[in-house]
Amino acid sequence: HGRPVVFPKQWYQRRVRGYHLGTVAFGSCIIAIIQLIRTILAYIQNKTKDSQSEFVKYLLLCLQCCLWCFEKIMKFINRNAYIYTAFKGSAFCTSCKKVFGLLLSNVVRVGVINCVGMFILFIGKFLVVIVTAILGYFMMKNDDDLYFWAIPVLIASIFAFAVAHTFFSVYEIGIDAIFICFAEDETKNDGTPGREYYMSKNLMEWVDNSGEAIKNLRRKKKQQKAQARVGKSNDVASSKQTTPMYPDLNEMEMTDK
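Residues numbered from 1 in each chain as written. Predicted model: local features only at pLDDT ≥ 70, side-chain atom pairs only at ≥ 80, totals over all residues. Heavy atoms only, no water.

### Topic: the packing of aromatic side chains
Logical step 1: Taken as a whole and assessed by the stated rule, the structure comprises 7 aromatic pairs.
Logical step 2: Here Tyr 82 and Phe 92 contribute two aromatic rings whose centre-to-centre distance is 6.2 Å and whose plane-to-plane angle is 50 degrees, an arrangement assigned as tilted. Of this pair, Tyr 82 sits in helix α3 (residues 54–88) while Phe 92 sits in helix α4 (residues 92–105); the two residues are 10 residues apart in sequence, bridging distant segments of the chain.
Logical step 3: The exposure class assigned to Tyr 82 is partly exposed, which follows from its relative accessible area of 28%.
Logical step 4: Between Phe 122 and Phe 126 the ring centres are 6.3 Å apart and the planes differ by 25 degrees, which places this aromatic pair in the stacked class. Of this pair, Phe 122 and Phe 126 both sit in helix α5 (residues 107–140), 4 residues apart, which is roughly one turn of that helix.
Logical step 5: On the basis of relative accessible area, Phe 122 is assigned to the exposed category, the value being 52%.
Logical step 6: Each member of the aromatic cluster is reached from another via a ring pair, and the members are Phe 26, Tyr 82 and Phe 92. (Phe/Tyr/Trp six-rings, centres within 6.5 Å; stacked < 30°, edge-to-face > 60°. Helix = DSSP H or I, 4+ residues; strand = E, 2+ residues; numbered from the N terminus. Buried < 20%, exposed > 50% of the residue type's maximum accessible area, 1.4 Å probe, protein only.)

So, in structure tokens, the structure goes:
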């Protein structure tokens, strides 16, 4: 109809360059500062490992552990904050605040999505590596110039895993983006006239069914643990009943004789 065709990739690149370079730089700067502090602590720990006391040694180890956990948390929040910025256009701090609230109010769903998504992505990567190894085996086993075909197949499998990990990371970001949109839609809307959900019914049912499946697995594990405890207590009670509290008189008379 005479309107110019807008390519989403080029449009978002121009939007990032024009409005959100500071957001990208600020999020990266936070991670870089944390990694710099960890590097400085590791340097101090390496230089003073012979002269430091046990208290200082354990203190540095605790600081390294806390900074490692903080870095992982900030990377997770950064990734979701970038997703929120992509479809809302808000600043970095505002996106972090909104995303933290969304993730905190959907902790169970976040665990479900991460578990199911990681398992599916792992299966995909595993299948890519297996198919590559099988094809490499059938291609190289009949080659007379190769005396040992296992090493080329292994190298090809490693490269296949690297490529699969790169491509499946895009799907991982897509899963996180869909979940953030799902949580935002559920927060803003309630399904009433005028505030209808934008998500599909299949997505809503899948998320709810996944949550119920995880809850059922946890219930079964708790029931199995309770049954195991009851079985142990019954075994202990039966063993106490079978062992006599007093010695047998007949055995004592036989020993005296």
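There is more to say after this.
### Let's talk about the side chain of Thr 23
Logical step 1: Looking at the secondary structure, you find Thr 23 in helix α2 (residues 21–47).
Logical step 2: Setting aside residues no more than four positions away along its own chain, Thr 23 makes contact with Tyr 82, Thr 85 and Phe 92. (Contact = heavy atoms within 4.5 Å.)

### Looking at the pattern of salt bridges
Logical step 1: Within the structure shown, the criterion is met by 6 salt bridges.
Logical step 2: With its nearest N and O atoms 3.3 Å apart, the salt bridge here joins Lys 75 to Glu 71. A residue pair is termed a helical-turn pair when its members lie 3 or 4 positions apart in one helix, as Lys 75 and Glu 71 do in helix α3 at 4 residues.
Logical step 3: Between Arg 79 and Asp 176 there is a salt bridge, with the nearest N and O atoms lying 3.1 Å from each other. Within this pair, whereas Arg 79 is found in helix α3, its partner Asp 176 is found in helix α6 (residues 150–188), the two being separated by 97 residues in sequence.
Logical step 4: Where salt bridges share partners, they join Arg 38, Glu 71 and Lys 75 into one cluster. (Salt bridge = Lys/Arg side-chain N within 4 Å of Asp/Glu carboxyl O.)

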